[in-house]
Amino acid sequence: MEANGGLHKQRLHAVRDLLKQSGGARVLDLGCGDGKLMRMLLKESQFTEIVGMDVSQRNLDWAAERLRLTQMQAHDLRRIKLIRGSLAYRDLRLSGYDAAAMVEVIEHLDPESLSAFEGSIFEFAQPQTIIITTPNREYNVRWMSLPAGEFRHHDHRFEWTRTEFQFWSRRVADRYGYNVHFAPAGPEDPVIGAPSQIGIFSRESGTDT
Ligand code: SAH
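First things first, this report covers the structure right here in the doc. Quick caveat: nothing in here was measured; it's all calculated off a predicted structure.

**Notes on the environment of Ala-99**
1) Next: Mapped onto the elements, Ala-99 comes out in strand S4 (residues 99-103).
2) Next: Sequence spacing of Ala-99 and Thr-129 is 30 residues, and the spatial spacing of their C-alpha atoms is 4.5 Å.
3) Next: If sequence neighbours within four positions are ignored, Ala-99 has contacts with Leu-19, Ser-22, Arg-26, Val-27, Leu-28, Pro-127 and Thr-129.

**A few points about the site of the ligand**
1) Next: Residues in contact with the ligand amount to 16 residues; listed here are only the nearest, His-8, Gly-31, Asp-54, Asn-59 and Val-103.
2) Next: One nitrogen or oxygen atom from the side chain of Asp-54 is found 2.6 Å from an oxygen atom belonging to the ligand.
3) Next: Between a nitrogen atom of the ligand and a main-chain N or O atom of Leu-87, the distance comes to 2.9 Å.
4) Next: Burial of the ligand by the protein chains amounts to 87% of its free accessible area of 570 Å².

**Re the sheet that holds strand S3 (residues 80-84)**
1) Next: Pairing is mixed across the open sheet formed by seven strands, whose spatial order is S3-S2-S1-S4-S5-S7-S6. Each edge of the open sheet is held by one strand with a lone partner, namely S3 and strand S6 (178-185). Taken over all neighbouring pairs, the strand axes of this sheet differ in orientation by 15° on average, direction set aside.
2) Next: Looking at chain direction, strand S2 (residues 49-54) and S3 are connected through five bridges and run parallel. Considered in S3, the bridge of Met-53 is made with Ile-83.
3) Next: On the sheet, helix H1 (residues 5-22) packs against strand S1 (26-30), S4, strand S5 (129-135), S6 and strand S7 (196-203) and is oriented at approximately 170° with respect to S4.
4) Next: Its contacts with the sheet put helix H5 (residues 111-125) on S1, S4, S5, S6 and S7, and the angle it makes with S5 is roughly 150°.

How each quantity is defined
Residues numbered from 1 in each chain as written. Predicted model: local features only at pLDDT ≥ 70, side-chain atom pairs only at ≥ 80, totals over all residues. Heavy atoms only, no water. Helix = DSSP H or I, 4+ residues; strand = E, 2+ residues; numbered from the N terminus. Contact = heavy atoms within 4.5 Å. Near = heavy atom within 4 Å. Polar contact = N/O pair within 3.5 Å; in protein donor to acceptor, adjacent residues only side chain to side chain. Areas by Shrake-Rupley, 256 points an atom, 1.4 Å probe, with all protein chains shown as cover. Pairing = 2+ DSSP bridges. Axes fitted to C-alpha atoms, helices over the stretch in contact; angles between N-to-C directions.

Below is the structure:
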């Protein structure tokens, strides 16, 4: 999925730690891909239910393989679920969770799906905590092999600067009753920031929309 395996691991560790800090027990991995984050979460007893969702059946099959679902003990098998679905649709199966992670997925959404996703997750599914990571475009100058103005992955629809990501995040948070703060993912350069950026959204208590 990405050449830089070390960086991706750091990002996943950061997300796992943020999910732990959220105190949540029932968690979603939205756009779970081949299930790397789910594998990490399975090792943490705090998480009693881990649901991976992806639009790609091929990726879900990989995830099932990586997680060794067919060999899994009944106890773990009960904690884990893989479902096929799209972030662009309101989906009852995603309601009522403590936390959701969305690692390097948002930049794959076209503008229409991006605005549909805001409604389906922030307005409809409403997890208490939502952790979103996305590349920081400012950091791209550090990748020598990347021609100026190009994205890191051919399937990316956009890559945001920190200002752009924070602008989008604050707008969505204000609209749907969340607080948001930001963290770097990966080694941080004082000027251009870190390779990825993380938005941590928490639902304001007493919000009932
Ligand atoms: N979170 C994983 C995978 C990131 S790649 C990781 O960090 O390793 C992006 C993933 O988003 C792919 O698995 C892709 O199939 C999924 N995806 C893209 N558009 C989606 C949509 N509309 N709904 C759900 N998943 C989507």
